[in-house]
Amino acid sequence: MFKGRKKNKERLNQAFMNLKDKLVENLGPNDKTILFTASSEEVKKTSPILNLGRKLVKDNKKVLVIDMNLRNPLLSKISKVELKEGFSAILVEDLPYENTITKDLYKKDLDLILSGRAMKNPDDFLQISKLRNFLDSLRQRYDYILIDSPSNLTYPDANMISQSVDKVVVFTNQKDKNKNKLNNSIEKLEKMDAEIIGYIITDYK
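Rules and cut-offs
- Residues numbered from 1 in each chain as written.
- Predicted model: local features only at pLDDT ≥ 70, side-chain atom pairs only at ≥ 80, totals over all residues.
- Heavy atoms only, no water.
- Phe/Tyr/Trp six-rings, centres within 6.5 Å; stacked < 30°, edge-to-face > 60°.
- Helix = DSSP H or I, 4+ residues; strand = E, 2+ residues; numbered from the N terminus.
- Buried < 20%, exposed > 50% of the residue type's maximum accessible area, 1.4 Å probe, protein only.
- Contact = heavy atoms within 4.5 Å.

(A) Structural view of the packing of aromatic side chains. Using the criterion set out here, one finds three aromatic pairs in the structure. Aromatic side chains Phe36 and Phe171 sit 6.0 Å apart centroid to centroid with 50° between the ring planes, which places their arrangement in the tilted category. Here Phe36 is found in strand E1 (residues 33-38), whereas its partner Phe171 is found in strand E6 (residues 167-172), with 135 residues between them in sequence. Judged by its relative accessible area of 1%, Phe36 falls in the buried class. Residue Phe171 is classed as buried on the basis of its relative accessible area of 1%. Ring plane angle 40° and centroid distance 5.9 Å describe the contact between Phe87 and Phe134, whose orientation is recorded as tilted. Of the two residues, Phe87 is situated in helix H4 (residues 87-93) and Phe134 in helix H5 (residues 128-139); the sequence distance between them amounts to 47 residues. We note that Phe87, like Phe134, is buried. Following the ring pairs from residue to residue traces out a cluster consisting of Phe87, Tyr97 and Phe134.

Here it is, written out as structure tokens:
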């Protein structure tokens, strides 16, 4: 029984290593900000994003994970880091981002900006110029900035944020792929001139 668990853990670890390598291969030398969205809210992506960040810091990279999913934030729950001030305070109250950075409990070299308080209509506060300035300031500090956001088919947030990042990755599952939700998600991003580098199927077998 224990051998089986160890083998599954090794496979999972290798899968995230492969994901990290594939992501880096598809990034240009100046690509630092990567937005992750999904074809539906049912697709699980926060845990993979967090684990991707943990793999990147093992390569001695400076990495920040930001929870911009203010409608259904999960980074605090999954990372088990206490939720205090976060991205919502940066967005609404102009709180300096330095006041919101916290550390991952598992990889101390990994920085996190949690969501802060959840919001029903965060798109009302998303100003593209303000978001670009925020991300530009982070570029000076980090090699990679991984951004978790809601499904871009369900809400407008990710489509808006996509205008301020270098690259976009879409999470999906077989059900959404078969129902063309993945294609619809990509089409919405393309209308915003987003630079999509690929998609990840979470339940691929």
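(B) Seen up close, the environment of Lys188. With respect to the helices and strands, the residue Lys188 is situated in helix H8 (residues 181-191). Judged by relative accessible area, which is 37%, Lys188 ranks as partly exposed. Taking the C-alpha atoms as reference, Lys188 lies 7.6 Å from Leu153; in sequence the two are 35 residues apart. Ignoring any residue separated from it by four or fewer positions in sequence, one finds Lys188 in contact with Asn152, Leu153 and Asn159.

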